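Each chain, letter by letter, is given below.
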Amino acid sequence: MDSKDNVSNKNNTEVLKKSNDGFNGVQGFNFDRKNIEKYIGVQITFENLSYKVENRKYKKQLKEQKEKINSNGGAIDLESDGIKKIEKEKTILNNVSGVVEKGEMVALMGQSGSGKSTLLDILAKRKSTGKITGKILVNGKEIGDAYKKYCSYVTQEDTLLETSTVEETLKFYADLKLPDLNEDEKMKRVYQVLSDVGLSERANSKIGGILPGGMILKGLSGGEKKRVSIGCALVTNPSLLLLDEPTSGLDSTSALVVMRVLKNLTEKGVTVVSSIHQPSQKIFNLFNKVIVVVKGRILYIGSDVKGYLDSLGFINQEDLSTPDFCLDACNDIAKSSDFENIITKWEKHYREEIAPTICNDNLNIEIPKTVSIFYQYKVLQERAFKNFFRNKVGLLSRIVIAILIGLLLSTAFGGLENNQEDILNTLGYLFFFSLILHLIPFGSITLFLSIRTLFNAERASKIYTTLPFFLGPVLIEMVFGVLISFIAVIISYSISHLRWDVSSFILTYIVYLFIHLFSVLMIVSISNITGTVDLSFTYATGLSITFLLYTGFFITIDQLPRSFQWIHYLNPLHYGFVGLMIAQYKDREIECPINSACLYPNGNALIEHYSFENYTYGEALGILIVWTFAYFCLALFGLHYFNKEKR
Ligand SMILES: Nc1ncnc2c1ncn2[C@@H]1O[C@H](COP(=O)(O)OP(=O)(O)OP(=O)(O)O)[C@@H](O)[C@H]1O
């Protein structure tokens with residue numbers, strides 16, 4: 001912003017030079033940057049932007065005010081007693097207008113709660129709540145959906161997949177957002193961006209962080225993660241880059257590195273707008289311009305905020321840095337009785353002196369191409385596959401648990417005989433094994449919820465649709481479910497000596513498999529709908545207890561009062577239990593004691609005792625599969641419609 005820019009530019013060149021060397025060296029790419037670099041630079045004008053949200057306390061506030069007025073015998077006059085009129089809507093941004101020129105680096109400043117993030121969200125077209133009015137123009141034109149082609153948004157939180165490498169993270173965005181490029185060109189683009197953000201040497205490092213389940217994967221520092229997020233936004237050659245507090249949580253050195261990366265981009269024509277809380281003077285000097293927001297209104301736009309505040313009578317007596325002085329002045333102005341006059345003065349100046357001088361370049365509007373849903377699925381499935389197998393501890397512990405369950409169950413139910421004494425033990429085995437396969441997916445609630453957070457962030461950037469994302473991790477979970485249930489079933493089945501022929505084993509295994517798959521999808525549905533770990537556990541536990549109680553093992557359908565018998569029909573585990581009973585006992589002789597009465601001479605009598613005689617194996621399995629599919633749809637529905645990113 002002043003003479004110190006020269007120093008920073010020199011440093012920037014060094015950073016760029018260093019990273020370029022790394023880039024060409026690490027992967028052996030050596031290409032002409034200009035061929036794949038298409039930043040075109042745009043001017044953004046926003047006119048009379050307002051943002052209103054519903055005042056949720058409206059009724060309460062109105063009631064309190066009425067009570068106050070009544071207690072004064074109706075003697076309060078709202079205006080003369082200085083009592084605010086209670087509005088149905090709360091105004092967060094009020095008629096803000098401004099301009100950001102091509103290749104400028106602009107700081108959005110103001111006190112906490114002044115409306116910086118709101119303005120950025122609106123400029124990024126990412127506000128999903130409230131009522132927005134006003135216009136956003138690109139080079140003087142409203143360009144509708146094509147806006148997203150020009151603009152990328154880096155939110156405050158870095159939502160990245162911990163198990164991916166830096167290169168894979170950027171390639172993922174290149175795959176989904178650059179359908180026109182071939183593989184080679186996409187890789188070149190990825191490495192060019194890595195060079196731009198100074199991460200060429202970290203290309204093969206994992207992002208790292210806390211994996212679902214709590215294991216820590218070593219990876220990048222906070223500043224490096226932020227640069228990866230910026231890289232993801234840059235892959236598509238955006239002309240406008242919006243960032244919400246990119247330095248929050250970073251130490252001063254990392255913050256400076258991140259901001260210098262942004263400064264380098266502006267030199268290539270990218271327009272950068274970044275909200276920033278309390279920048280150091282060094283960082284502040286990298287900006288060409290500031291937009292100062294106070295209580296949802298614009299106080300100033302320009303390159304000499306100190307001079308402007310001086311002209312308003314705010315003098316920097318304590319010799320504070322410019323950003324600190326600016327924030328102090330904002331606080332004073334927000335509380336000042338002269339607030340309205342000060343703001344109106346700027347708005348008049350902008351309307352009369354600045355707005356008429358804005359001139360616009362021509363802009364060739366390209367409608368962004370999107371990749372097909374099949375290609376989205378391919379890219380997402382690949383990523384989900386790698387993510388699944390890289391969480392080795394989680395993966396191995398699930399296989400070990402499956403083996404242990406098989407062995408433990410065998411110790412409790414080992415060597416079952418086909419006689420009257422062991423009927424109850426066999427039924428206990430069938431029930432307990434269903435219970436275990438039903439409960440195993442509970443351990444994946446945090447995994448499903450963390451995937452959901454990633455989905456919300458990526459969906460907001462509109463890089464893919466819900467179905468291909470959903471299929472990726474769910475199909476892997478299901479394929480893994482086939483393996484887990486097979487390991488556990490084959491161990492325990494063989495040691496427990498259940499009905500010993502191949503077809504009975506296969507029929508039993510298929511039912512157990514679908515009990516497990518249904519249970520995975522039940523947990524995914526509940527996680528997607530509730531959106532939190534606590535609620536997911538609470539609802540899943542409640543539902544599971546109900547399902548387990550009414551399988552038909554503890555209480556047969558006939559033992560229930562008529563008005564409760566329908567519960568069995570809504571219970572997928574009931575059909576699972578019916579299928580297991582039929583697989584084990586249909587048309588099977590059961591040994592009878594020689595000298596006493598025989599309660600169940602064959603399996604059919606036992607099936608009849610439990611009132612399952614009206615089902616065939618196919619019907620029971622069929623209904624279980626239908627329920628599994630219903631929960632698949634519910635999980636997809638929950639992902640698409642519930643717990644969306646709300647801004
Ligand atoms: N959808 C919404 N519903 C209700 N209030 C909202 C909504 N969006 C923003 N606000 C309110 O608007 C005000 C401005 O919020 P915003 O996040 O834009 O501030 P900010 O300047 O970015 O603050 P900070 O620097 O602390 O992040 C806050 O008081 C916030 O609570």
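Quick notes on the rules
- Residues numbered from 1 in each chain as written.
- Predicted model: local features only at pLDDT ≥ 70, side-chain atom pairs only at ≥ 80, totals over all residues.
- Heavy atoms only, no water.
- Core = buried A, V, L, I, M, F, W, Y, C linked by side-chain atoms within 4.5 Å.
- Buried < 20%, exposed > 50% of the residue type's maximum accessible area, 1.4 Å probe, protein only.
- Helix = DSSP H or I, 4+ residues; strand = E, 2+ residues; numbered from the N terminus.
- Domains from an automatic or database assignment.
- Near = heavy atom within 4 Å.
- Polar contact = N/O pair within 3.5 Å; in protein donor to acceptor, adjacent residues only side chain to side chain.
- Areas by Shrake-Rupley, 256 points an atom, 1.4 Å probe, with all protein chains shown as cover.
- Nonpolar A, V, L, I, M, F, W, Y, C, P; charged D, E, K, R; others polar.
- Pairing = 2+ DSSP bridges.
- Axes fitted to C-alpha atoms, helices over the stretch in contact; angles between N-to-C directions.
- Contact = heavy atoms within 4.5 Å.
- Buried area = accessible area lost by both parts, 1.4 Å probe.
- Salt bridge = Lys/Arg side-chain N within 4 Å of Asp/Glu carboxyl O.
- UniProt positions renumbered as here; feature names shortened; annotations may be inferred.
- Phe/Tyr/Trp six-rings, centres within 6.5 Å; stacked < 30°, edge-to-face > 60°.
- Lys NZ or Arg CZ within 6 Å of the ring centre and 35° of its normal.
- Disulfide = S-S within 2.5 Å.
- Patch = residues over 30% accessible without salt bridge, like charges linked within 9 Å, V, L, I, M, F, W, Y side chains within 5 Å.

In summary, soluble globular proteins display a tendency toward joint burial of nonpolar side chains. Ranked by size, the top nonpolar core spans 185 residues in total, and within it Ile230, Leu241, Leu299, Leu309 and Tyr429 carry the most contacts. Sorting elements by how many residues they give to this core places helix H19 (residues 502-530) first, with 15 residues. Shared between two domains, this core holds at least three residues of each, these being domain 1 (44-70 + 84-354) and domain 2 (373-642).

Another point: the site of the ligand. Around the ligand there are 16 residues in total, and Ser112, Gly113, Lys116, Ser117 and Thr118 lie nearest to it. Ser112 has a polar side-chain atom sitting 2.6 Å from an oxygen atom of the ligand. Gly115 places a polar main-chain atom, nitrogen or oxygen, 3.0 Å from an oxygen atom of the ligand. Protein burial of the ligand: of its 630 Å² of free accessible surface, 64% is covered by the chains. When contributions to the shell around the ligand are tallied by element, the ones reaching two or more residues are strand E1 (44-54), strand E2 (89-100) and helix H4 (116-123). Residue composition of the shell around the ligand, by class: three nonpolar, nine polar and four charged.

Moving on, we come to the side chain of Lys289. If you trace the backbone, Lys289 turns up in strand E10 (residues 289-294). Here Val99 takes part through its backbone oxygen, which lies 2.9 Å from a polar atom of the side chain of Lys289.

Judged by pairing direction, the sheet is mixed, and its six strands sit side by side in the order E5-E8-E9-E3-E10-E11 without closing on themselves. Every other strand in the sheet has two partners, leaving strand E5 (151-154) and strand E11 (297-302) as the edge strands with one partner each. Going across the sheet, the axis of each strand differs from the next one's by a mean of 15 degrees, ignoring polarity. Most of the contacts of H4 go to strand E8 (residues 240-244), to which it runs at about 150 degrees, and overall it touches strand E3 (105-109), E5, E8, strand E9 (271-275) and E10. Those strands touched by helix H12 (residues 322-335) are E3, E10 and E11, and its axis lies near 25 degrees from that of E10.

Below, the discussion takes up the domain arrangement of the protein. The domain architecture assigned to the protein consists of domain 1 (44-70 + 84-354) and domain 2 (373-642). Distance between the C-alpha centres of domain 1 and domain 2: 48 Å. Counting residues at the interface gives 21 residues for domain 1 and 22 residues for domain 2. Buried surface at the junction of domain 1 and domain 2, summed over both partners, amounts to about 1,900 Å²; 66% is from carbon and sulfur atoms. Inspection of the domain 1/domain 2 interface yields two salt bridges.

Next up on the list: the UniProt feature "transmembrane region" (unreviewed entry) in the protein. Under the UniProt annotation, "transmembrane region" (unreviewed entry) lies at residues 395-416, 428-455, 467-493, 505-524, 536-557 and 620-642. Annotation note: span residues 395-416, helix share 86%, strand share 0%, distance between end C-alpha atoms 32 Å. Helix makes up 100% of residues 505-524 and strand 0%, whereas the separation of the span's terminal C-alpha atoms amounts to 29 Å.

Below, the discussion takes up the packing of aromatic side chains. Summed over the entire model, instances satisfying the criterion amount to 36 aromatic pairs. Ring geometry for Tyr300 and Tyr308: centres 4.8 Å apart, planes at 20 degrees, overall stacked. Considering the side-chain rings of Phe388 and Phe480, the 5.0 Å spacing of their centres and the 70 degrees angle between planes classify their relative orientation as edge-to-face. Remark: Phe480 occurs in helix H18 (residues 466-496) and Phe388 occurs in helix H14 (residues 373-390); sequence separation between them is 92 residues. Residue classification places Phe480 among the buried positions, given a relative accessible area of 7%. Through a chain of ring-to-ring contacts, three or more aromatic side chains come together here, namely Phe413, Tyr429, Phe431, Phe432, Phe433, Tyr512, Phe553, Phe554, Phe577, Tyr610 and Phe612. One Lys or Arg, Lys125, reaches over the ring of Tyr147 and ends 4.9 Å from the middle of that ring.

Before going further, it helps to spend a moment on the sheet that holds strand E4 (residues 131-138). Strands belonging to one sheet form pairs held by backbone hydrogen bonds; the direction of such a pair is parallel or antiparallel. In space, the three strands of this open sheet follow the order E2-E1-E4, with antiparallel pairing throughout. At either end of the open sheet lies a strand with only one pairing partner, and these are E2 and E4. Sheet twist, expressed as the average angle between the axes of neighbouring strands with direction ignored, equals 10 degrees. Pairing of E1 with E4, which is carried by seven bridges, proceeds in the antiparallel orientation. Looking at the pairing, Ile44 lines up with Val138 of E4.

What follows covers the state of the cysteines. Within the structure shown, the criterion is met by one disulfide. Each sulfur of the disulfide joining Cys592 and Cys598 lies 1.8 Å from the other. Its S-S torsion of approximately -60 degrees makes the covalent link between Cys592 and Cys598 left-handed. There is no disulfide at Cys232, and the cysteine sulfur nearest it, in Cys151, is 15 Å away. Here Cys326 stays free of any disulfide, with the sulfur of Cys330 as its closest cysteine sulfur at 4.3 Å. Given the relative accessible area of 1%, Cys326 is considered buried.

Considering the arrangement of structural elements, one finds Met259 in helix H9 (residues 252-267). Taking the C-alpha atoms as reference points, Met259 and Phe287, 28 residues apart in sequence, are found 9.1 Å from one another. If sequence neighbours within four positions are ignored, Met259 has contacts with Met105, Pro246, Thr247, Ser274, Ile276, Ile283, Leu286 and Phe287.

A separate point is a nonpolar patch on the surface. Together, Val400, Ile403, Leu404, Leu407, Leu408 and Ile495 line one region of the surface with nonpolar side chains, adding up to about 500 Å² of accessible area. A total of five residues in the nonpolar patch trace back to one element, the largest contributor, which is helix H15 (residues 392-413). Mapped onto the secondary structure, Ile495 falls in helix H18.

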